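# Chains, contacts and geometry: an overview
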Amino acid sequence: FMVEHFALSTAGVLSDLRIHTLFTSIISTPNFGMLLGNCVSLWFFGAECLAILGTRRFLQLYVFGGVASSVVSVIWPMVAPYYHRLNVNSLNFPAAGAVNAVVAYSILTYPQKTIMLYFILPVPASLLGGLFIAKDAYAAASGDRSYGSAGNLGGSAFGAMFWYAMRGRRFF
């Protein structure tokens, strides 16, 4: 049941037409560690975003960030360099991409904010955000299959676009 309805795969969406998994997969994680990491990240970054945006806009950021992550996760196996391609049946859980959208929005809103990395090391938010983007970009480019790095980048990109749009600027 979970694999068919809450896990995302390219074949599941395009061949089996399980379109609903573009949405349901953003609230699903494969293990407790990822769930805990997502919850901690939302606790640190989500509270201030919720205070700034309000409930409706925050849900838009989270849900559409997750859908952007899902779409990138579905497309990536088809457009990645051949030697880095994932199997189209590989399962993805783009909940981290939805969280990355919130984190990106927060970091762009408060780039000078100090974040205590591992509760010990003070790091500027802009530096930490850059390192996370670089980590995901390197993982996607090098073919790291341990997690959905391309989907995480999709969520982060959506968070950046949402931040830009909330500033009253147009994209085109």
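So, a few notes on the structure that sits alongside this text. Residue numbers here run from 1 along each chain, matching the order of that chain's written sequence. Local features in this predicted model are restricted to residues of pLDDT 70 or higher, and side-chain atom pairs are both shown and tallied only at a pLDDT of 80 or more, whereas totals for entire chains, interfaces and linings draw on every residue. Only hydrogens and water are set aside when side-chain values are computed; all heavy atoms of the structure are taken into account.

## Focus: empty space enclosed by the protein
- Residues are said to line a cavity or pocket when one of their atoms sits within 4 Å of a point; the points come from a 1 Å grid over protein atoms alone, cavities being sets where a 1.4 Å probe fits but cannot get out and pockets being open sets with protein on both sides within 12 Å along at least five of seven lines. Grid points are joined across faces, edges and corners, and a volume is the space filled by probe spheres set on the points. Evaluation of the coordinates by the stated rule reveals one cavity of 30 Å³ or more.
- Of the voids in this model, the largest cavity is the one considered here, and its volume is about 30 Å³.
- The wall of the largest cavity is formed by S28, T29, M34, N38, F93, A95 and A96.
- Elements are defined by DSSP. Helices are runs of H or I of four residues or more, strands are runs of E of two residues or more, and each kind is numbered from the N terminus. For the lining of the largest cavity, the secondary structure elements donating two or more residues are α4 (32-79) and α5 (95-109).

## Digging into the packing of aromatic side chains
- Whether two aromatic rings pair depends on their centres lying within 6.5 Å, for rings of Phe, Tyr and Trp, where Trp uses its six-membered ring; planes under 30 degrees apart make the pair stacked, over 60 edge-to-face, and the rest tilted. Overall, the coordinates contain five aromatic pairs when judged by the stated rule.
- Aromatic side chains W43 and F44 sit 5.0 Å apart centroid to centroid with 55° between the ring planes, which places their arrangement in the tilted category.
- The cut-offs for exposure are 20% and 50% of the maximum accessible area for each residue type, with area from a 1.4 Å probe on protein chains only; residues under the lower value are buried, those over the upper are exposed, and the others partly exposed. Classification of F44 as partly exposed rests on a relative accessible area of 39%.
- Judged by centre distance (5.9 Å) and plane angle (50°), the ring pair of F44 and F119 falls under tilted.

## Topic: α5
- The first and last C-alpha atoms of α5 sit 22 Å apart over 15 residues, in line with the 21 Å expected at 1.5 Å per residue.
- Buried residues dominate α5, accounting for 14 of its 15 residues. Residue count minus one, scaled by 1.5 Å, sets the expected span of a helix.

## A look at the environment of I115
- Inspection of the secondary structure puts I115 in strand β1 (residues 114-117).
- Relative accessible area serves as the criterion here: at 13%, I115 is assigned to the buried category.
- Through-space distance from the C-alpha of I115 to that of A104 is 13 Å; in sequence the pair is eleven residues apart.
- In this view, I115 contacts F45, L121, P122, V123, A125 and L128; residues no more than four positions away in its chain are not counted. In what follows, a contact means two residues having at least one pair of non-hydrogen atoms within 4.5 Å.

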